[in-house]
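# Chain and residue survey
Here's the letter readout for the chains.
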Amino acid sequence: MAAVLKFDDFNLLDDGECDARIVAAKRVLGERLCILGHHYQRNEVFKHADFSGDSLKLSQMAAKTRAEFIVFCGVHFMAEVADIVTGGERTVILPDLAAGCSMADMANLAKVNKCWQELAGVLDPDQAVTPVTYINSAADLKAFCGSHGGIVCTSSNARAVLEWSFARREKVLFFPDQHLGRNTAFDMGIPLDEMVVWDFSKPLGGLTAEAIRKAKMILWKGFCSVHQMFQPAHIEHFRTRVPHGKVISHPENAFEVCRKSDFVGSTEYILRTVRASHPGDHWLVGTELNLVNRLADEMKPHGVTVEFMSPTVCMCSTMFRTDPQHLAWTLDNLVAGKVVNQIRVPAEVARPARAALDLMLEVVD
């Protein structure tokens, strides 16, 4: 039996050689293979994707294919979602297991369990609090929500999910991204003084019992490191320089950035809105660099200017870990009959996580 091909034999290959190997492997594997490319992936990998999109959309696309192997060019939680959505019946692979998400890592099951236990000293969380996890989180946190009457949300459907949550219980514990929670809740009419931030490094989240009882939104102290690079001053400078310009931002941005933006929405919303532009339009876009650069190239022939918000380069470093070398190594192993870097969510986690995901789809349908 042939041995697994070692990554060391691929690590020093140039991108051109990797491209040739990837194309050849795709030809051999045919419909047995489906490559998913998240919008934030580098172009050298993104170009090989059979489907592109955000994490949930990609997993749903993969589930509709006949592919035996799903290679997710994204980060760890995305591959977990693909395994959950496909019921563990496909082989889901992450080309580089080190491709994680710093935001997702800010909330783990131990910290969330501790938070829930501490909240129980102030109120009955299973009666008063709906746990809502952003899809950018580990599978066991989705399972936690599924086990406590909670739900999952995406940046596209966060409002609908929060409306459902507040119809059931008076408070929401929202993790791991505080900014998506704050921006969405504020747009729903919830004032800032009814939102508190739970600092997981401090007893009782650094809050008083009175503050917890008053709050409608308990926001986890988590954030996306990429979106924290964008500042209100970047928008102010753009307004001075391009008075007719328009600003669009992802809701993972800070509250002040979103307040100064003309449009706020998910990655898919940003793409859809900018693509509907007219010649002469000029956009300042506050989200990940690879996506903005591709969108700028796409819109330039249409007379539309697309500009990255920050003067500092801020791509997602963990997304960037998936390179042509890892993708070529993964696919050549599949051709050789070997599976590397398979992501498998244990059944006891997958079941409640799937329930929370299915509930989300039911709520927003």
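Here's what I pulled together on the structure shown here.

Calculation rules
Residues numbered from 1 in each chain as written. Predicted model: local features only at pLDDT ≥ 70, side-chain atom pairs only at ≥ 80, totals over all residues. Heavy atoms only, no water. 1 Å grid on protein atoms, 1.4 Å probe; cavity = no way out; pocket = protein on both sides within 12 Å on 5 of 7 lines; lining within 4 Å. Points joined across faces, edges and corners; volume = space filled by probe spheres on them. Nonpolar A, V, L, I, M, F, W, Y, C, P; charged D, E, K, R; others polar. Phe/Tyr/Trp six-rings, centres within 6.5 Å; stacked < 30°, edge-to-face > 60°. Helix = DSSP H or I, 4+ residues; strand = E, 2+ residues; numbered from the N terminus. Buried < 20%, exposed > 50% of the residue type's maximum accessible area, 1.4 Å probe, protein only. Core = buried A, V, L, I, M, F, W, Y, C linked by side-chain atoms within 4.5 Å. Contact = heavy atoms within 4.5 Å. Axes fitted to C-alpha atoms, helices over the stretch in contact; angles between N-to-C directions. Parallel < 35°, antiparallel > 145°, perpendicular 65-115°, else oblique. Pairing = 2+ DSSP bridges. Salt bridge = Lys/Arg side-chain N within 4 Å of Asp/Glu carboxyl O. Lys, Arg positive; Asp, Glu negative; His and termini not counted. Polar contact = N/O pair within 3.5 Å; in protein donor to acceptor, adjacent residues only side chain to side chain.

A few words on the layout of surface pockets. Within this model, the second largest pocket holds a volume of roughly 200 Å³. Around the second largest pocket, the lining residues are Ser-155, Ser-156, Asn-157, Ala-158, Arg-159, Ala-160, Asn-183, Thr-184, Asp-187, Pro-251, Val-264 and Gly-265. Residue classes in the lining of the second largest pocket are distributed as four nonpolar, six polar and two charged.

So, on to the packing of aromatic side chains. In total, this model carries seven aromatic pairs according to the counting rule given. An angle of 70° between the planes, with centres 5.6 Å apart, marks the rings of Phe-7 and Trp-329 as edge-to-face. Here Trp-329 lies in helix H16 (residues 324-335) and Phe-7 lies in the segment before helix H1 (15-29), a separation of 322 residues in the sequence. Here Trp-329 falls in the buried class, since its relative accessible area comes to 10%. Centroid distance Trp-116 to Phe-144: 5.4 Å. Interplanar angle 90°. Geometry classified as edge-to-face. Taken as a pair, Trp-116 in helix H6 (residues 109-119) and Phe-144 in helix H8 (residues 139-147) lie far apart in primary sequence, 28 residues in all. Pair check on accessibility: Trp-116 and Phe-144 agree, each one buried.

Formed by 53 residues in total, the largest nonpolar core has its most connected members in Cys-153, Phe-174 and Met-217. Once you skip the residues sitting within four places of it in the chain, Cys-153 turns out to touch Val-132, Thr-133, Tyr-134, Ile-135, Ala-158, Val-161, Phe-174, Leu-180 and Met-360. Counting 25 residues, the second-largest nonpolar core is a separate cluster that includes Phe-238, Val-247, Ala-296 and Val-304.

Packing of H6 against H8 leaves a shortest axis separation of 9 Å and a crossing angle of 25°. One way to sum up the angle between H6 and H8 is to call them roughly parallel. Contact residues: Leu-109, Val-112, Asn-113 and Trp-116 in H6; Asp-140, Leu-141 and Phe-144 in H8.

Mapped onto the elements of the fold, Gln-117 is located in helix H6. The spacing of Gln-117 and Leu-204 is 87 residues in sequence and 9.4 Å in space, taken between C-alpha atoms.

Moving on, we get to helix H10 (residues 178-187). The buried fraction of H10 amounts to eight of the ten residues, a majority that puts the element mostly inside the structure. Looking only at H10, the buried set comprises Gln-178, His-179, Leu-180, Gly-181, Arg-182, Asn-183, Thr-184 and Ala-185. Directly after H10, the chain includes Gly-189, whose backbone phi takes a positive value near 100°.

Relative to the helices and strands, Ala-356 is located in helix H17 (residues 347-364). Put simply, Ala-356 and Pro-251 are 105 residues apart on the chain and 22 Å apart in space, counted from C-alpha to C-alpha. If we skip the residues at most four places from it in the chain, Ala-356 touches Lys-142, Gly-146, Gly-150, Ile-151 and Val-152.

Before going further, it helps to spend a moment on the pairing of strand S1 (residues 33-38). Of all six residues making up S1, six are buried, and the element is well covered by its neighbours. Residues Leu-33, Ile-35 and Gly-37 of S1 are buried on one face, and the alternating residues Cys-34, Leu-36 and His-38, pointing to the opposite face, are buried as well. Summarising the sheet, S1 and strand S3 (residues 69-73) pair through five bridges and their orientation is parallel. Each bridged residue has a counterpart across the sheet, and for Leu-36 the counterpart in S3 is Phe-72. Both S1 and strand S2 (residues 51-53) contribute to a ladder of three bridges, which runs parallel. Note that in S2 the partner of Gly-37 across the bridge is Ser-52.

A few words on the pattern of salt bridges. Across all of its chains, the model carries 19 salt bridges by this definition. Residues participating in the shared-partner salt-bridge network are Glu-17, Arg-21 and Asp-332.

The subject of this paragraph is the side chain of Asp-54. One can find Asp-54 in the loop between S2 and helix H3 (55-63). No salt bridge is formed by the buried Asp-54; the nearest opposite charge belongs to Lys-57, separated by 6.5 Å. Within the structure, Asp-54 has its side chain in polar contact with the backbone nitrogen of Lys-57 (distance 3.0 Å). Not counting chain neighbours up to four residues away, the residues in contact with Asp-54 comprise His-38, His-39 and Glu-268.

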